[in-house]
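# Notes for the structure review
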Amino acid sequence: MSSFQCPSCGKGSFKNDVAVARHMSQPRSGCSMWLQDLACFRPESDDSRMDSDDEPNISMDMDDGPNIPDIESGGFGDWDEMSRGSTGGSESQGMPTHNSEVIDSYPDCAQTYGKGYTFLDLFNSDNNSKHRAMNPYYPFSSRKDWEVGSWLLRSGLSMGKIDSFLSLEMIKTLPLSFLSAKELRSRAEMLPSGPRWMSQIIPTKFPTKLPVVLYWRDPLDCISSLLNHPAFHDQLDFTPCRVYTTAQRLCRVFSEWATGDDAWNMQSALPKGATLLGTILSSDKTNVSTMTGDRVAHPLLVSLANICMSTRLKSSSNAFVLTALLPVPKFIHKKKRMRGVLEDRLIHECLDIVLRPLKVAAREGVMLSDPIGHSRYCFTPLASYIVDTPEAMMLAAVGGKTSPVTMAMYKQFGDSFRHEPRTRATTLSQLATARSKVDPGDIEAFFREAQKFRLNGVNTPFWLDWPLSDPSHFLTPEFLHLIHREFYDHDVKWLICAVGDTEIDFRFSVLQVITGFRHFHGGISKLKQVTGHAQRDIQRSIVVVSADAVPSTVMAAVRALMDFRYLVQSPVIDDIQLTRISTALEEFHANKDAIIDGGFRRGQRGGVIENWYIPKLELMQSIVPSIRNTGVSLQWTADTTEHAHITEIKDPARSSNNNNYDPQICHHLDRTDKCRRFDLAMSLLNNMADSKRQGSDDVGDVNDNVDLDADDDHDDGDVDFDADVDHDIPHLLAMNKYPGHSRPTTNYFEIAKVLQHREAGTVPVPLRSFVIERTAFHLAYDPSIRNISVDDAAIKFGLPDLRQAIADFLRREDTHGRDHIHTIGRARRAGPTTPLPFDKLQVWFKLRLQDTDFHDISIIRPAQTLNCAPPSDPWTSGRYDTVIINNEARCVWPTDGLHGHTIGQIRLLMRPVGKSGTNWSWKDRFLVYVHRFDIVPQSSGTNDREPSTQLHLLKRAKRSNGTRVGDIVPVTQLRALVNLVPRFGASADNCLTPYNSMEHASQFWLNKYWDKNSYFPLSM
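These numbers were taken from a predicted model, which means no experiment stands behind them.

### Some words on the overall build of the chain
The helix and strand inventory of the chain stands at 33 helices and 31 strands. Out of the 1020 residues in the chain, the part that is buried amounts to 56%. Pairs at least 24 residues apart make up 70% of the contacts formed inside the chain by residues separated by at least 6 positions. When the accessible surface of the chain is split by element, carbon and sulfur atoms take 49% of a total near 43,500 Å².

### A short note on unusual backbone geometry
Cis rather than trans, the peptide bond between Asp873 and Pro874 has omega equal to 5 degrees. In this fold, Pro874 is placed in the loop between strand S22 (864-869) and strand S23 (879-880). That bond from Trp893 to Pro894 is cis: its omega, 5 degrees, falls within 30 degrees of zero. Looking at where Pro894 falls in the secondary structure, it is placed in the loop between strand S24 (882-886) and strand S25 (901-914). A positive phi is found at Ala110, a non-glycine position, where the angle reads about 55 degrees.

### Re the pairing of strand S18 (residues 775-778)
Along S18, one buried face is formed by Thr775 and Phe777 and the opposite face, lined by Ala776 and His778, is buried too. Here strand S17 (residues 769-772) pairs with S18 via four bridges, running antiparallel. Bridge pairing in S18 links Ser769 to His778. Between S17 and S18, which pair antiparallel one after the other, the connecting turn spans two residues, and Glu773 there sits at a positive phi close to 50 degrees. With four bridges connecting them, S18 and strand S21 (residues 846-851) associate as antiparallel partners. Residue pairing for S21: Thr775 is matched across the bridge by Asp851.

### Some words on the packing of helix H10 (residues 219-227) against helix H13 (residues 336-364)
Between H10 and H13, the least distance of the axes is 7 Å, while the angle of their chain directions is 65 degrees. Here Pro219, Leu220 and Ile223 of H10 come into contact with H13, specifically with Val354, Leu355, Pro357, Leu358 and Ala361. The residue inventory of the contact of H10 with H13, partitioned by class, reads eight nonpolar, no polar and no charged.

### Overview of the packing of H13 against helix H16 (residues 443-451)
Two elements in contact, H13 and H16, have axes separated by 11 Å at closest approach and are oriented at 85 degrees. By the angle between their directions, the pair H13 and H16 is classed as roughly perpendicular. Every residue of H16 that contacts H13 at Arg337, Met338, Val341, Leu342 and Arg345 is listed here: Ile443, Glu444, Phe446, Phe447 and Gln451. Looking at the contact of H13 with H16 residue by residue, the classes come out as six nonpolar, one polar and three charged.

### Some remarks on the nonpolar core
Counting 138 residues, the largest nonpolar core has Tyr385, Phe462 and Ile542 as its most contacted members. With 13 residues, the single largest contributor to this core is H13. If we skip the residues at most four places from it in the chain, Phe462 touches His348, Leu351, Asp352, Leu355, Lys359, Leu382, Tyr385, Leu395 and Phe474. Grouped together as the second largest cluster of nonpolar side chains are 50 residues, Ala805, Val883, Val969 and Leu977 included.

### Structural notes on the sheet that holds S18
Taken in spatial order, the five strands make up an open sheet running S17-S18-S21-S22-S23, and their pairing is antiparallel. The open sheet has two edge strands, S17 and S23, and neither has a second partner. Sitting on the sheet, helix H29 (residues 748-756) touches S17, S18 and S21, and the angle it makes with S17 is about 105 degrees.

### Details of the confidence of the model for the chain
Regions with low pLDDT carry predicted coordinates that are not meant to be interpreted in detail. In this model, the chain carries a mean pLDDT of 86, and residues with pLDDT of at least 70 account for 85%. The model gives residues 41-98 a pLDDT under 50, and that stretch makes 103 contacts with residues more than four places away or in other chains. Confidence drops under a pLDDT of 50 for residues 697-727, and excluding neighbours within four residues, the segment shows 42 contacts in the predicted structure.

### Some remarks on the pattern of salt bridges
What the rule picks out here adds up to 41 salt bridges. Its salt-bridge partner being Glu449, residue Lys452 comes within 3.2 Å of it at the nearest N-O pair. Lys452 sits in the exposed class, given a relative accessible area of 61%. Its relative accessible area of 8% is what places Glu449 among the buried residues. Among the ionic pairs, Asp491 bridges to Arg565, the shortest N-O distance being 3.1 Å. Remark: Arg565 occurs in helix H21 (residues 552-568) and Asp491 occurs in helix H18 (residues 479-499); sequence separation between them is 74 residues.

### Observations regarding empty space enclosed by the protein
Tallying each qualifying case throughout the model produces 13 cavities of 30 Å³ or more. For the largest cavity, the calculated volume is near 170 Å³. Lining the largest cavity we find 14 residues, and of these Leu475, Thr476, Pro477, Glu478 and Leu619 sit closest to its centre. Mapped onto the lining of the largest cavity, the elements with two or more residues apiece are helix H14 (389-395) and H18. Across the lining of the largest cavity, the residue classes tally to eight nonpolar, four polar and two charged.

### Details of the packing of aromatic side chains
For the structure on display, the rule yields 28 aromatic pairs. Taking 5.8 Å as the distance between ring centres and 50 degrees as the angle between the ring planes, the aromatic pair formed by Phe123 and Phe678 counts as tilted. Residue Phe123 is located in helix H4 (residues 119-123), and its partner Phe678 is located in helix H27 (residues 661-694); the two are separated by 555 residues in the primary sequence. Overall, the relative accessible area of 0% leaves Phe678 in the buried class. Seen from their ring centres, Phe933 and Phe1004 are 5.4 Å apart, and the 85 degrees between their planes marks the pair as edge-to-face. Within this pair, whereas Phe933 is found in strand S26 (residues 927-935), its partner Phe1004 is found in strand S31 (residues 1003-1006), the two being separated by 71 residues in sequence.

### What about the environment of Ile386?
Summarising the element assignment, Ile386 is placed in strand S15 (residues 382-386). The class of Ile386 is buried, set by a relative accessible area of 2%. In sequence terms Ile386 and Glu478 are 92 residues apart; their C-alpha atoms lie 6.4 Å from each other. Excluding anything up to four places from it in sequence, Ile386 contacts Ile280, Leu281, Ser282, Ser283, Phe320, Glu478, Trp636, Thr637 and Ala638.

### Brief notes about the side chain of Glu946
Along the chain, Glu946 falls in the loop between S26 and strand S27 (953-956). Buried and without a salt bridge, Glu946 has Arg983 as its closest oppositely charged side chain, separated by 5.7 Å. Polar side-chain contacts of Glu946 include one of 2.8 Å to the side chain of Ser948. A distance of 2.8 Å separates the side chain of Glu946 from the backbone nitrogen of Thr949, its partner in a polar contact. Leaving out residues up to four positions away in the same chain, Glu946 has contacts with Gln938, Leu951 and Trp1005.

Parameters at a glance
- Residues numbered from 1 in each chain as written.
- Predicted model: local features only at pLDDT ≥ 70, side-chain atom pairs only at ≥ 80, totals over all residues.
- Heavy atoms only, no water.
- Helix = DSSP H or I, 4+ residues; strand = E, 2+ residues; numbered from the N terminus.
- Buried < 20%, exposed > 50% of the residue type's maximum accessible area, 1.4 Å probe, protein only.
- Contact = heavy atoms within 4.5 Å.
- Areas by Shrake-Rupley, 256 points an atom, 1.4 Å probe, with all protein chains shown as cover.
- Pairing = 2+ DSSP bridges.
- Axes fitted to C-alpha atoms, helices over the stretch in contact; angles between N-to-C directions.
- Nonpolar A, V, L, I, M, F, W, Y, C, P; charged D, E, K, R; others polar.
- Parallel < 35°, antiparallel > 145°, perpendicular 65-115°, else oblique.
- Core = buried A, V, L, I, M, F, W, Y, C linked by side-chain atoms within 4.5 Å.
- pLDDT = per-residue confidence, 0-100.
- Salt bridge = Lys/Arg side-chain N within 4 Å of Asp/Glu carboxyl O.
- 1 Å grid on protein atoms, 1.4 Å probe; cavity = no way out; pocket = protein on both sides within 12 Å on 5 of 7 lines; lining within 4 Å.
- Points joined across faces, edges and corners; volume = space filled by probe spheres on them.
- Phe/Tyr/Trp six-rings, centres within 6.5 Å; stacked < 30°, edge-to-face > 60°.
- Lys, Arg positive; Asp, Glu negative; His and termini not counted.
- Polar contact = N/O pair within 3.5 Å; in protein donor to acceptor, adjacent residues only side chain to side chain.

In structure tokens:
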């Protein structure tokens, strides 16, 4: 009798594959993570994807395997073709892409001019490079010495605590090159440096409580470090382009900054062959001291619009670099308003000082090198300045209650159309007129004159001499404040007032809990310190929670604004979607008066407000024009820069002595940057040495090659880039694992693909990870119930017709074949005592579903957990989640939306276990029993959607005898998690709880707002 072996640890003598699976599911076995390890450590030659024209070498007998599509017949073949993506920087005209889009790239731009310098060239150009020829980790003695020092430097520990750590007897036995925190920091100062910090005292005409000191570093050096960073070698796009959906070029597509009109127009103003570097700035005041102290920092961050949006928005990418700490002075002046004018003038003066190198580069150009080491003739106009609304007004040099990007004033904020843009020329002309009448040195007189034009008294805006930069363009919509904060400050307050705080809190509290998503057990009306993440969580449910409890016109207005909010957050927007965005905003304005008429717009003291003086409403009118100019607005959100305030300002401040923060923050950041650069350089050099070893013809001489991790002396000449072989550099950069980057999402698509290419006997079967179309499935190797009879399962899960449903399923399979797409709700043919070819079931309580991004199939989204657990405490009715189920072979989710799909509630997830010695075809099939929901027809003729919410109403499908309609379908027909919310009516039933609300309700809302990825297919 043959024994089974664990594919991870090699342990043998297992009785069967079930025993292997049980062993591998134990956390202490060390084999529970083998799937992730298998996907992570695949050979680089595979490039993590297999070409669709490669012949897969599948050694498994697919007749005995699970129902997984063949790779060549629509499984991974299409996935690989779609996930390759397109290479950036192409200059071809009318180039078709993988999804039939057509790209017109700007001709004769972004050319290279010979060899420049690489990151390692700069790293090796410091004074200590000669010492690293003997010891790569100099000024530390070895790799281990560096690892300990690096950890202590980045730990956030004070110098006293570091000294205490180093004084421990065990630590003293380590061969460390430093004995104190002071010595450690002195060694860190010897590491190769990036952009260097400078300080400058700013003289002021009016007195301040403390001297005004500006701390900054050259923003052009910061831009150069980003452009030259190896991590971005395949994430940079230098070519402006115009993207269309078809070859007829009738519908434009906007995504990255390079697809907007601004990039094209800026490039046309540059010399032939020049490289356009779109500069991104961001600034916002943030508190440094906690509870007491009243200390505020004003960081200025810089980034590149050429960096791919998805990479730039990841905090772990460090794509935003702190370039200055703007002063936050306290002027001594008897008038508060004049103190504000002086502060605004000082900010513009400091910005002018800091950003002068970028202005010169935007005007004259500068030679910089990309990650590959190619030299480029670069220009740096301002593409975007990410700020909240008050700071946008200050930067645009306009006064309060005035739009920073249009000519609208506060009484026009509620208008249903966009006002004339406030262009650069308009503002400068108004300032010139004011200067011709009053001396700008007389701040009070100049302020009074500037007020006539609704200006704020700043006489020389920082963007005055910045070529190709216009505030009406670079002040891009910022979603964290403009979209999400507006929602919580206004929409939520309207609905709380309309529904009642107690009622709306109760409705939120009884929603069924969904794994991985926030549940508001106490409601939303009394939340404190609401973050942007919490605001997004409230957006998921507030429309369906409030439905039927507010007037229909009020709901139509709020729902239209929610549609607008979701549509503008799309990472890809075409002309058709721009029309939908404009239509949604128009619908809000057409119904917004009902909010005031109902008395739902109120102030902090409860009084009814009868106007629409909301600045963010007016700024929404500029989102569509901004998308056309600068690409999708999602990329300009302040989420990433707000997080940078923690890592760049607050964390360094906590490690200070709470006195004179700014210089200590700069010193801390300088050390952190040096450590990060040193880590990166060592990673690159180690990777290059490994590459040389792999390319060596003499395997026996591997140990003679350079080993950067050894403590012995070596000559580093063997690990230099070959200056004549540029094509090797991208390959080495792609192989490198960059320090500090976050761990990627577990990729069940990749895991399933790896498993399919393993030889028979090397992995336990049936496979628990597999892929159908754009959905990956994953089940635990050990079932929740290892062995239960069919009849006992029917009792435990409350499914009296389970045996009949299984029999009917097997009959349909025998009639139509194994690839038949099953529907739910056919008439029962089998009887309650119909014999089955098996007696026992294995049952799972959870299933992991993973899908791809709706707009970009190459982006893998985090997996979601589907629950299917029997009654238990506190889930006395069981815990069953709802899903999208495919019921037509020709329809694909999410491309076809609900067409060809239905909504179901999974009630039992099982795998039949055949009788001993019986050979039957279903022993490796995962099946699910599902209850079906039907759409409630609407009399209004609105595509079966309720008119005010524009959502589908569902009810449980029932047979003629009143029992729920349920059937067996393969797990492979499931597509995605979907959220159903009970229809509460005018007043919710007080008997509802989070654990029974789905079982007691008679009708349900199909909540398209639950997930942005499913919003679009559910809106079709």
